[in-house]
Amino acid sequence: MGDASELELVGAEDTLALPTITLIHMTVIPILAGSGTIFLDGRAHKTIYDGCSVARGHGATVFRFTHADPEHLERLLQADTEPPRLICMDGVNSMTGNAPDVATFARLAREHDALLYVDDAHGFGVIGERGPGELCDYGMRGNSIVRHVGETYENIVLVAGLSKAYSSLLAFVAGPTELKQILKTAAPPYLYSGPSPIASLATALEGLRVNRERGDELRLRMHRMARRVLGGLAELGIVTPNTSGYPIIEVPLHDPDDIDEVGRYLFDHGIYATMAAYPLVPKHEVGFRLQVTASNTDEQVSHLLLTLNGLAERFQMRPAAHATLARHTG
Ligand SMILES: Cc1ncc(COP(=O)(O)O)c(C=O)c1O
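Rules used throughout
Residue numbering note: each chain is counted from 1, following its sequence as written. It should be noted that, the model being predicted, local features are given only for residues of pLDDT at least 70 and side-chain atom pairs only at 80 or more, the latter also being counted only at that level, while totals for whole chains, interfaces and linings use all residues. In computing side-chain properties, one takes all heavy atoms of the structure into account and sets aside hydrogens as well as water. Per the convention used, a helix needs a DSSP run of H or I reaching at least four residues, while a strand needs a run of E reaching at least two, with both numbered from the N terminus. The atom set for the radius of gyration is the C-alpha atoms, and the globule formula is 2.2 Å times the number of residues raised to the power 0.38. Relative accessibility decides the category of a residue: with a 1.4 Å probe and only protein chains considered, values under 20% of the type maximum give buried, values over 50% give exposed, and everything between is partly exposed. Should any heavy atoms of two residues lie within 4.5 Å, those residues are counted as being in contact. In this description, accessible areas are obtained by the Shrake-Rupley approach with a 1.4 Å probe, and a residue is regarded as covered only by the protein chains that are shown. When charges are counted, Lys and Arg contribute as positive and Asp and Glu as negative, whereas His and the chain ends are disregarded. Throughout, a charge is located at the NZ atom of Lys, the CZ atom of Arg, the CG atom of Asp or the CD atom of Glu. Proximity is defined per residue: any heavy atom of the residue falling within 4 Å of a molecule or strand makes that residue near it. Between N or O atoms, a polar contact is any pair within 3.5 Å; within protein, one atom must be a potential hydrogen donor and the other a potential acceptor, and residues adjacent in sequence are included only when both atoms are from side chains. Each residue is assigned to one class: nonpolar for Ala, Val, Leu, Ile, Met, Phe, Trp, Tyr, Cys and Pro, charged for Asp, Glu, Lys and Arg, and polar for all the others, Gly among them. We call a pair of cysteine sulfur atoms a disulfide whenever their separation is within 2.5 Å. Definition of nonpolar core: a set of buried residues of the types Ala, Val, Leu, Ile, Met, Phe, Trp, Tyr and Cys, connected through side-chain atoms within 4.5 Å. Domains are outlined according to an automatic or database domain assignment. We count a salt bridge whenever a side-chain nitrogen from Lys or Arg sits within 4 Å of a carboxyl oxygen from Asp or Glu. Reported buried area values correspond to the accessible surface (1.4 Å probe) lost by two parts on association, with both partners' losses combined. Axis angles are defined between N-to-C directions and span 0 to 180 degrees, where every axis is a line fitted to C-alpha atoms and, for a helix, only to the segment in contact. Handedness of a crossing follows from how the near helix is turned relative to the far one, being left-handed for an anticlockwise turn of less than a right angle and right-handed for a clockwise one. Any two strands are treated as partners once DSSP identifies two or more bridges connecting them. Within this analysis, patches are made of residues with over 30% relative accessible area and no salt bridge. Like charges are joined at 9 Å or less; nonpolar side chains (Val, Leu, Ile, Met, Phe, Trp, Tyr) at 5 Å or less.

Caption draft 1: Fine view of the overall build of the protein. Each helix and strand in the protein was counted, giving 12 helices and 10 strands. Taken over C-alpha atoms, the radius of gyration comes to 20 Å for the protein, in line with the 20 Å a tight globule of 330 residues would show. Overall size of the protein, expressed as C-alpha extent along the three principal axes, is 55 × 45 × 40 Å. Within the protein, the fraction of its 330 residues that count as buried is 52%. Put simply, of all contacts in the protein between residues at least 6 apart along the chain, 70% involve residues at least 24 apart. Total accessible area on the protein is roughly 14,700 Å²; 54% of this is exposed by carbon and sulfur atoms. Of the side-chain charges in the protein, 28 are positive and 40 negative, and the distance between the mean point of each set is 2 Å.

Caption draft 2: Looking closely at the site of the ligand. Surrounding the ligand, one finds Thr-20, Ile-21, Thr-22, His-45, Thr-47, Asp-90, Ser-94, Asp-119, Ala-121, His-122, Ser-163 and Lys-164. Residue Asp-119 places a side-chain N or O atom 2.6 Å away from a nitrogen atom belonging to the ligand. Lys-164 has a polar side-chain atom sitting 2.4 Å from an oxygen atom of the ligand. Here the residues of the shell around the ligand are counted per class, giving 2 nonpolar, 7 polar and 3 charged.

Caption draft 3: Spatial organisation of the state of the cysteines. The full count for this structure, using the stated rule, is 0 disulfides. The thiol of Cys-88 is unpaired, and the distance to the nearest cysteine sulfur, on Cys-52, comes to 4.1 Å. By relative accessible area, Cys-88 is classed as buried at 0%.

Caption draft 4: Looking closely at the nonpolar core. Counting residues in each nonpolar core, the largest one holds 69 residues, and the members touching the most others are Ile-87, Leu-116, Phe-288, Leu-290, Leu-308 and Leu-311. In this structure, this core is formed jointly by two domains, domain 1 (4-196) and domain 2 (216-328), each of which donates at least three residues. When near neighbours in sequence (up to four residues on either side) are disregarded, Leu-311 contacts Val-262, Tyr-265, Leu-266, Phe-288 and Met-317. Leu-16, Ile-29, Val-173 and Leu-183 belong to the second largest nonpolar core, which has 27 residues in total.

Caption draft 5: Region of interest: the side chain of Asp-41. Position of Asp-41 among the secondary structure elements: in strand β2 (residues 37-41). At 6.5 Å, Arg-43 is the nearest oppositely charged side chain to Asp-41, a buried residue that forms no salt bridge. Polar contacts involving the side chain of Asp-41 include one to the main-chain amide nitrogen of Arg-43, which spans 2.7 Å. Polar contacts involving the side chain of Asp-41 include one to the main-chain amide nitrogen of Ala-68, which spans 2.8 Å. With residues near it in sequence (within four places) discarded, Asp-41 still touches Phe-65, Thr-66, His-67, Ala-68, Cys-88 and Met-89.

Caption draft 6: Examining the domain arrangement of the protein more closely. Assigned domains of the protein: these are domain 1 (4-196) and domain 2 (216-328). Listed per partner, the contact involves 23 residues of domain 1 and 22 residues of domain 2. Here domain 1 and domain 2 share an interface that buries about 1,900 Å² over both sides, 57% of which is from carbon and sulfur atoms. Counting the contacts that link domain 1 with domain 2 gives 2 salt bridges. Between Glu-285 and Arg-43 there is a salt bridge; the shortest N-O distance is 3.2 Å.

Caption draft 7: Representation of the packing of helix α2 (residues 21-33) against helix α7 (residues 177-186) in the model. Direction vectors running N to C along α2 and α7 enclose 115°, while the axes themselves pass 11 Å from each other. Along this stretch, α2 crosses α7, giving a crossing that reads as right-handed. On the side of α2, the interface is formed by Val-28, Ile-31 and Leu-32, while α7 contributes Leu-179, Ile-182, Leu-183 and Ala-186. Partitioning the contact of α2 with α7 into residue classes produces 7 nonpolar, no polar and no charged.

Caption draft 8: Highlighting the pairing of strand β10 (residues 287-291). In terms of burial, β10 is a largely internal element, 4 of the 5 residues being buried. Note: strand β9 (residues 274-276) against β10, 3 bridges, orientation antiparallel. Among the inter-strand pairings, Met-275 is bridged to a residue of β10, identified as Phe-288.

Caption draft 9: Representation of a negative patch on the surface within the structure. A grouping of Asp-255, Asp-257, Asp-260 and Glu-261 is seen on the molecular surface, where their side chains present a negatively charged patch. With respect to the element layout, Asp-255 can be found in the loop between β8 (248-252) and α10 (259-268).

Caption draft 10: Region of interest: the sheet that holds β10. Spatial ordering of the open sheet is given by β8-β10-β9, a layout of 3 strands whose pairing is antiparallel. Lying at the two open borders of the sheet, with one neighbouring strand each, are β8 and β9. Neighbour-to-neighbour, the strand axes of the sheet open up by a mean angle of 25°, direction not taken into account. Relative to β8, helix α9 (residues 198-236) is tilted by about 20°, and along the sheet it contacts β8 and β10.

Caption draft 11: Focus on unusual backbone geometry. A cis geometry characterises the amide bond from Pro-83 onward to Pro-84, with omega recorded as -5°. Among the structural elements, Pro-84 can be located in the loop between α4 (70-78) and β4 (85-90). The linkage connecting Tyr-278 with the following residue, Pro-279, adopts the cis geometry, with an omega of 10°. Note that Pro-279 resides in the loop between β9 and β10.

And the structure:
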């Protein structure tokens, strides 16, 4: 990631590469928070949550705000809290496939002298800057939610990884050079752990080349296939919390005990889905996650929709009201 073209991709002053996002959260969040205050999104990814727990152990105070709710966050920010102040949240959510209003959160961070720390593991490589040349509303270049909403890196630290869109064991923190210099001595994995394997660096570089040369075409294909899946689900009356059109599509189940059989049915029909079983998620959020990738084909999407039709005949999916509720709880 050190080369100039990749720095230019995310548009930050600097980036620091480490093997995984998990390592970054565990070590960078405690450094940024110090003995100050963390405002943690109520549905932040487990790895962010764990990073905040480490920070708490180092003297930070952690407050949780209602998922993606800027008004709740603002009320918390208005109270007298110890600096430095850090707001931690996901970009594109790993289950719902939706994204928070990052521009509003960035404004709050600036107004309240806080730093917005965004994990866009799932947006990086998929959504990016908007402009007249874009082929679809995912935007261009896949350079993450920060660029997608037209933000700068003022009071924003972006964390993203290449383990999703690029299938490579590599992640990065993007922000000011000064932060990078601090992390190079203060973040233990940089000094004390091994780097990303050479093979992963090679696939990351190759992936970045593909992104440069035909990333937007691939994203357009993905966009079309995701639209087809979402349209097909709507026709089948299967509810999903996905309102973004991004290619992460969660399907909640009415009966959490169906999860094993549903997983078996999908697997036996050649569908690889990520199962969200209890106690990984609360019972009312049990379901499965479909993710459309650029290497899927239209035929596979047709097969998926047929399989989902069969699934809906055998198992009860969660009715709309409950699915919406599930999205806002926790
Ligand atoms: C939002 C989010 N952050 C972090 C991670 C972990 O990333 P890594 O494998 O780079 O540690 C994941 C999933 O694997 C994720 O969905």
